[in-house]
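Observations on the model geometry
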Amino acid sequence: WSSFGRLGKALDAAKKAVVLDPSLSRTQMVLGFAYLTQVKTTESRAAFEKAIELEQADPLSRLGLGLAIIRDGDLEAGGREIEIAASLDPNNSIIRSYLGKVYFEKKQIGLDEREYAIAKELDPKDPTPWFYDAIAKQTTNRPAEALQDLQKAIELNDNRAVFRSRLMLDSDLAARSAAIARVYSDLGFQQRALVEGWSSVNTDPSSFSAHRFLADSYSVRPNHEIARVSELLQSQLLQPINITPIQPGLAESNLFLISAQGPTGLSFNEFNPIFNRNRVAVQGSELVGGNDTFGAEGVVSGIYNKFSFSGGFSYFDTDGWRTNADQTDKIANAFVQAELTSQTSIQGEYRYRDNERGDTELFFFEDDFRPDLKAETETDTWRLGFRQAFSPSSIFIGNLTYQDLDGTDKDAPDPDFSYNIDTDQDAYGGELQYLFRSHYVNLVTGGGYFDIDGDEKSIYEFAAIPEFGLPAETFKDEISLDFKHSNIYLYSYIKPFENLTITLGGSGDYQDADDELTKERDQFNPKFGLTWNPFKDTTVRGAAFRVLKRTLITDQTVEPTQVAGFNQFFDEVNTTDYWVYGGAIDQRFNPKIYGGAEYTYRSLNVPFQSVDFGIDDDGFDTVTVKLDNSNWDEKTFRAYLFWTPHKFLSLTADYLYEKLDRDKDLALGAKEVKTHSVPLGINFFHPSGLRASLKATYVNQDGEFDRSTDAGVFEDGNDNFWLVDAAVNYRLPKRHGFLTVGVTNLFDQDFEYFNSDPDNLRFQPDRFFFGKITLAFP
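Residues numbered from 1 in each chain as written. Predicted model: local features only at pLDDT ≥ 70, side-chain atom pairs only at ≥ 80, totals over all residues. Heavy atoms only, no water.

1. Things to note about the packing of aromatic side chains
Taken as a whole, this structure holds 36 aromatic pairs when the rule is applied. Relative to tyrosine 578, the ring of phenylalanine 570 has its centre 6.2 Å away and its plane inclined at 70°; by these criteria the two rings are edge-to-face. Summarising the burial analysis for this pair, phenylalanine 570 and tyrosine 578 share the class buried. Grouped by ring-pair contacts, the aromatic residues Tyr184, Phe189, Tyr594, Tyr640 and Phe642 constitute a single cluster. For the cation-ring pair, arginine 541 lies above phenylalanine 566, with the distance from its terminal atom to the ring centre recorded as 4.9 Å. Of note, arginine 735 hangs over the ring of phenylalanine 104, and the distance from its end group to the ring centre comes to 3.8 Å. (Phe/Tyr/Trp six-rings, centres within 6.5 Å; stacked < 30°, edge-to-face > 60°. Buried < 20%, exposed > 50% of the residue type's maximum accessible area, 1.4 Å probe, protein only. Lys NZ or Arg CZ within 6 Å of the ring centre and 35° of its normal.)

What follows is the structure, given as structure tokens:
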């Protein structure tokens, strides 16, 4: 029962065995492990102590007692028990692996790797020591070596079938794949990391570690903010009690994530989650840089028995790279989670954000920005969530969210005109999702309901123009933002063969609006995806699907964010309707060389508001706001080649081509844009903790761009340039943090460039020096 993850039945069977013969050491030991898998440490320790009393030389009882003591927070005392177990049975590979894990947690560098090496020799077919050794090497700045060990662990994964069911082995594989994805990310192999992340989620949609990895990876991808925060939400709802903090900002240092990696399902021979013991951890970082840039973040997280918490605050302020590109961002976060039983957990979260900014968008022409634009958004968000696992193959999650938002946008686009728009809204939303898993079919189905009540008050002011006899005019308008949105969906991941996964599904959106600016609509969105491994090291992906950008609170949803590795949810205007078509191939040529290519096409129908000013029949000023639509096309092609020629080196080469075509009615800065970019990178790693990186990027862009001084008039433009970024990083001993100094746009290259994602500046036309320190304790 334990190997199938049926922990309740396992405990019942163990109790029955003890009733039949309480004088047997072996039955007491098995009872101790049955209690331990449910984190009932008091009962577990009592059973192990009874087993040791009956059989002093039993190493497994000592191992179990040590693990139970560790879970209660005493790593030192628990470690001594596991050392005794190793002395009683020095040829037991699994005891050696967990002894190595103890040394790793105690930060006794070298002793942990010694134990892993012994375990590998004792049982060459066990993936456990290879996996833990990879984590140790990753945290001592040896990602190339860690990659080799993780590949070996994945290769050996199915050897644990004597301890784990097929379903649990799939979960282990997903966790190991998420771990190898993090190593790829450390090496700079970002695209390859994402391939592994998508594979992990599709193998096991209930893997919280795979969802968390995708959330962290999407933070550096343009136009992926919805996907990032949605993956984070799914990870939170699925996660067990753990020490990994919910960081309030976007940055992700991975200090606690790396050591927490691994299989998350407890069984008779898998106790990785036990090392999430009772303790408190603190992590903080500080950033200083050019343009009066300053940032700071602090997070405290902890575990006590079946309760965990995380709280933090981040602050970021900069003057920006040009006039009025300043911004100030304050974020606070508090999160609590409780496991009522091994199958049931509940959680709550509060978030506060205050963001003030000028014009941070980068359009092609240097003078194309708004020097008087000011925007501020303040939000308070409360969230409740739960997870109910009926069995390892049947999981139910739910989420309720309330948000209060106040926003202000004001600008004076020219000397004779200014506006001020105030937005006030309350939003409520709830989602439910059911996940079913089997070896051949995984199902993800669910639905949600969102209700937003708000209003938008606008003031438009025109200065007097005496030479034309026009007096000063003020127009006021107030529109309702009240609308409701429901959705349902079903995604099936079908595996007719071991090397083929077919994604079939669909979603339905039902929108009911009470204002004239949002259309009522019902829309069905088909989903199709395919992931095929024709050969062991070759992955072919394809997808075609439709999406309606629906209303989301905090931009989060528990609906799957990708189909066969192609992102669904982009940061578009609400009710944007688009089709996505994509194809990709990824190849591992050998354990050190990787390559691949991907093509994506999006066809979008984007809504927008137009404003007309006039005078009615009675001579009163009027403002008419109406809804219109614009057609956009986006084509993206990317290719990559990654290589680790030496255990201290990684080399990266990427090519990215983007083509945007937009109706001039809603061009948003550019009607047609073609962009080629070629980033070339080299990364150096040394076991001393030193890391250095150098990246040179060639960019060529041409298109038809809008002039802010003459809106609606487009002008041809083109530019090409090289940018060089460099950084040096030192990993502090015993995993206590990082020190980083670096520079972007090293040679202060001046250029003209249109940035298609307004919230993610890809290239900055200004040299920027920075320094950052990140510390973590214990």
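After presenting the structure, the write-up continues.
2. Digging into the side chain of serine 650
Its location among the elements puts serine 650 in strand 20 (residues 649-662). Not counting residues up to four positions away in its chain, the partners in contact with serine 650 are Leu187, Phe189, Trp643, Thr644, Pro645, Gly681, Ile682, Asn683 and Phe685. (Helix = DSSP H or I, 4+ residues; strand = E, 2+ residues; numbered from the N terminus. Contact = heavy atoms within 4.5 Å.)

3. So, the pairing of strand 8 (residues 417-437)
Regular strands have side chains that alternate between both faces of the sheet. Where strand 7 (residues 394-414) meets strand 8, 19 bridges bridge the pair, whose relative direction is antiparallel. Of the residues in strand 8, the one forming a bridge with lysine 410 is asparagine 420. Here 21 bridges tie strand 8 to strand 9 (residues 441-462), and the two strands are oriented antiparallel to one another. When the sheet's bridge partners are listed, threonine 423 is paired in strand 9 with glutamate 456. (Pairing = 2+ DSSP bridges.)

4. Quick notes on helix 7 (residues 111-122)
Spanning twelve residues, helix 7 covers 17 Å between terminal C-alpha atoms, matching the ideal 16 Å at 1.5 Å per step. Of all the positions in helix 7, only Asp112, Glu113, Glu115, Tyr116, Ala119 and Lys120 are classed as buried. One face of helix 7 carries all of its buried residues, which in axial projection span an arc of 160°. Summarising the contacts, the buried residues of helix 7 are in contact with helix 6 (93-105), helix 8 (127-139) and helix 9 (143-155). (Expected span 1.5 Å × (residues − 1). Arc of directions from axis to C-beta.)

5. Considering helix 12 (residues 208-218)
Counting buried positions along helix 12 gives eleven out of eleven residues, so the element sits mostly inside the fold. Burial in helix 12 covers these residues: Phe208, Ser209, Ala210, His211, Arg212, Phe213, Leu214, Ala215, Asp216, Ser217 and Tyr218.

6. A word on the packing of helix 1 (residues 7-20) against helix 2 (residues 25-37)
Packed helix pairs are specified by the crossing angle of their axes together with the interaxial distance, meaning the distance between the axes. Relative to each other, helix 1 and helix 2 sit at 155°, their axes nearing to 9 Å. The orientation of helix 1 relative to helix 2 falls into the category roughly antiparallel. As for how helix 1 packs across helix 2, the hand of that crossing is left-handed. Residues Leu7, Ala10, Leu11, Ala14, Lys15, Ala17 and Val18 of helix 1 pack against Thr27, Gln28, Val30, Leu31, Ala34, Tyr35 and Thr37 of helix 2. By residue class, the composition of the contact of helix 1 with helix 2 is ten nonpolar, three polar and one charged. (Axes fitted to C-alpha atoms, helices over the stretch in contact; angles between N-to-C directions. Parallel < 35°, antiparallel > 145°, perpendicular 65-115°, else oblique. Left-handed = near helix turned anticlockwise from the far one by under 90°. Nonpolar A, V, L, I, M, F, W, Y, C, P; charged D, E, K, R; others polar.)

7. Thoughts on the environment of tryptophan 532
Positionally, tryptophan 532 belongs in strand 13 (residues 521-532). When its relative accessible area of 37% is taken as the criterion, tryptophan 532 is described as partly exposed. Spatially, the C-alpha atom of tryptophan 532 lies 37 Å from that of glutamine 347, the residues being 185 residues apart in sequence. If sequence neighbours within four positions are ignored, tryptophan 532 has contacts with Asn499, Leu500, Thr538, Thr539 and Val540.

8. Here we look at the pattern of salt bridges
Counted by the stated rule, this structure contains 38 salt bridges. The partner of arginine 541 in a salt bridge is glutamate 598, with the nearest N and O atoms 2.9 Å apart. Here arginine 541 is found in strand 14 (residues 538-548), whereas its partner glutamate 598 is found in strand 18 (residues 593-615), with 57 residues between them in sequence. Glutamate 598 gets classed as buried once you look at its relative accessible area, which sits at 9%. Where salt bridges share partners, they join Lys120, Asp133, Lys137 and Asp149 into one cluster. (Salt bridge = Lys/Arg side-chain N within 4 Å of Asp/Glu carboxyl O.)

9. Here we look at a negative patch on the surface
Residues Asp406, Asp409, Asp422 and Asp424 make up a contiguous surface patch of negative charge. The set of elements that each furnish at least two residues to the negative patch consists of strand 7 and strand 8. Structurally, aspartate 409 can be placed in strand 7. (Patch = residues over 30% accessible without salt bridge, like charges linked within 9 Å, V, L, I, M, F, W, Y side chains within 5 Å. Areas by Shrake-Rupley, 256 points an atom, 1.4 Å probe, with all protein chains shown as cover. Lys, Arg positive; Asp, Glu negative; His and termini not counted. Charge placed at Lys NZ, Arg CZ, Asp CG, Glu CD.)

Just distances and angles here, no functional claims.
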